Amino acid sequence: MNTLTRLINRLRRPLRIRLVGPADQTAAALHGLAQMVNRRPDMNDRRIRIDLTIREKPLEEWR
């Protein structure tokens, strides 16, 4: 990856990801996301914002 590509990736808006669910499912999703990012060379030096919300109860019970 050349210097120009790295500079462009740093200036791009961060990739925003929101994960909501039980701890085990959220951890599995985060692990899968990490593997995907690791395999993609275009994600080098890319900013990623991840919001995690752990909810042990189903969403219907929170309402």
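Scroll up a little and you will see the structure.
Once a new chain begins, its residue numbering starts again from 1 and follows that chain's sequence as written. Where local features are concerned, this predicted model is filtered to residues with pLDDT of at least 70; where side-chain atom pairs are given and counted, the filter is 80 or more; whole-chain, interface and lining totals use all residues. Heavy atoms throughout the structure, all of them, feed into the side-chain values; hydrogens and water do not.

Could you give an account of the overall build of the protein chain, naming the residues involved and the relevant values?
Secondary structure elements are defined from DSSP: runs of H or I of at least 4 residues count as helices, runs of E of at least 2 residues count as strands, and each element is numbered from the N terminus. In terms of regular secondary structure, the protein chain is built from 3 helices and 2 strands. Ordered by position in the sequence, the α and β elements of the protein chain form the string α-β-α-β-α. The buried label applies to any residue whose accessible area, calculated with a 1.4 Å probe on protein chains only, is under 20% of its type's maximum; exposed applies above 50%, and partly exposed to all values in between. Each of the 63 residues in the protein chain was classed as buried or not, and the buried ones make up 13%. At a minimum sequence separation of 6, the contacts of the protein chain that also span at least 24 residues come to 80%. In what follows, a contact means two residues having at least one pair of non-hydrogen atoms within 4.5 Å.

I'd like to hear about the pattern of salt bridges, residue by residue, with values.
Throughout this description, the term salt bridge denotes a Lys or Arg side-chain nitrogen within 4 Å of a carboxyl oxygen of Asp or Glu. In the structure shown here, the tally under the stated rule is 1 salt bridge. D51 is the salt-bridge partner of R49, the closest N and O atoms lying 3.6 Å from each other. On the accessibility criterion, R49 (40% relative accessible area) is partly exposed. Assessed through its relative accessible area of 33%, D51 is described here as partly exposed.

Can you lay out the pairing of strand β1 (residues 15-21) for me, pointing to particular residues and giving the numbers?
Should DSSP find at least two bridges between two strands, the strands are regarded as paired. Looking at chain direction, β1 and strand β2 (residues 48-54) are connected through 7 bridges and run parallel. By the bridge assignment for β2, V20 is matched with T53.

Which residues make up the environment of L52, and what are the values?
Within the fold, L52 resides in strand β2. The exposure class assigned to L52 is partly exposed, which follows from its relative accessible area of 45%. Counting along the chain gives 26 residues from L52 to T26, while the straight-line C-alpha distance between them is 7.6 Å.

I'd like a rundown of a nonpolar patch on the surface, residues and numbers included.
By definition, no residue in a patch forms a salt bridge, and every one has over 30% relative accessible area; like charges are joined within 9 Å, nonpolar side chains (Val, Leu, Ile, Met, Phe, Trp, Tyr) within 5 Å. Computed with a 1.4 Å probe, the accessible areas rest on the Shrake-Rupley method; for each residue, only the protein chains presented here act as cover. On the surface, L4, L7, I8 and L11 cluster together to form a nonpolar patch covering roughly 420 Å² of accessible area. Inspection of the secondary structure puts I8 in helix α1 (residues 3-11). Assessed through its relative accessible area of 44%, I8 is described here as partly exposed.

Give me the side chain of T26: which residues, what numbers.
Counting through the fold element by element, T26 comes out in helix α2 (residues 23-39). For T26, the side chain forms a polar contact with the main-chain oxygen of P22, separated by 2.8 Å. The definition of a polar contact used here is a pair of N or O atoms within 3.5 Å, where within protein one atom must be able to donate a hydrogen and the other to accept one, and adjacent residues in sequence count solely through side-chain atom pairs.

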